[in-house]
Amino acid sequence: MDFLLMGILLWSLVIAALLLGLYGVWKRSWKALFWGGLASLLPMGLIFMGDDSWVFKLSILPPLLMFIGAYFLKQRRPAKV
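Residues numbered from 1 in each chain as written. Predicted model: local features only at pLDDT ≥ 70, side-chain atom pairs only at ≥ 80, totals over all residues. Heavy atoms only, no water.

1. Points about the side chain of Ser59
Here Ser59 shows up in the loop between helix H3 (54-57) and helix H4 (61-75). Judged by its relative accessible area of 12%, Ser59 falls in the buried class. Of note is the side chain of Ser59, whose polar atom sits 3.4 Å from the backbone nitrogen of Phe48. Once residues within four sequence positions are removed from consideration, Ser59 is found in contact with Met44, Ile47 and Phe48. (Helix = DSSP H or I, 4+ residues; strand = E, 2+ residues; numbered from the N terminus. Buried < 20%, exposed > 50% of the residue type's maximum accessible area, 1.4 Å probe, protein only. Polar contact = N/O pair within 3.5 Å; in protein donor to acceptor, adjacent residues only side chain to side chain. Contact = heavy atoms within 4.5 Å.)

2. Some remarks on the packing of aromatic side chains
Going through the model one piece at a time under the given rule, you end up with four aromatic pairs. Arranged with centres 6.5 Å apart and planes meeting at 75°, the rings of Tyr23 and Trp26 form a pair that is edge-to-face. Taken together, the positions of Tyr23 and Trp26, both in helix H1 (residues 2-27) and three residues apart, correspond to about one turn of that helix. Taking the relative accessible area as the measure of exposure, Tyr23 reaches 42% and is therefore partly exposed. Aromatic pair Phe34 and Trp35: ring centres 5.6 Å apart, planes at 75°, arrangement edge-to-face. Taken together, Phe34, Trp35 and Phe67 form an aromatic cluster joined through their ring pairs. (Phe/Tyr/Trp six-rings, centres within 6.5 Å; stacked < 30°, edge-to-face > 60°.)

3. Here we look at the environment of Leu73
With respect to the helices and strands, Leu73 occurs in helix H4. Expressed as a C-alpha distance, the spacing of Leu73 and Leu33, which sit 40 residues apart in the sequence, is 9.1 Å. Beyond its immediate stretch of four places on either side in the chain, Leu73 contacts Gly24, Arg28, Ser29, Trp30 and Leu33.

That is the geometry; function is a separate question.
Here it is as structure tokens:
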């Protein structure tokens, strides 16, 4: 039962990260991108630490890209009208 609950938790975090990432890019919301990166950090971090192959080491890139995108969207100044 614990394995099932862990799977449900990790997959719900992946789905939440995808939805927040897509919403953050669509609406240009740095907060949504930040929370999407935070939600994907645990599942991707577990994949990152799980194996020594370089392919699995690339799994840490999506959360990092979301954090970088959130930083640049926060630093962006709104256009003056």
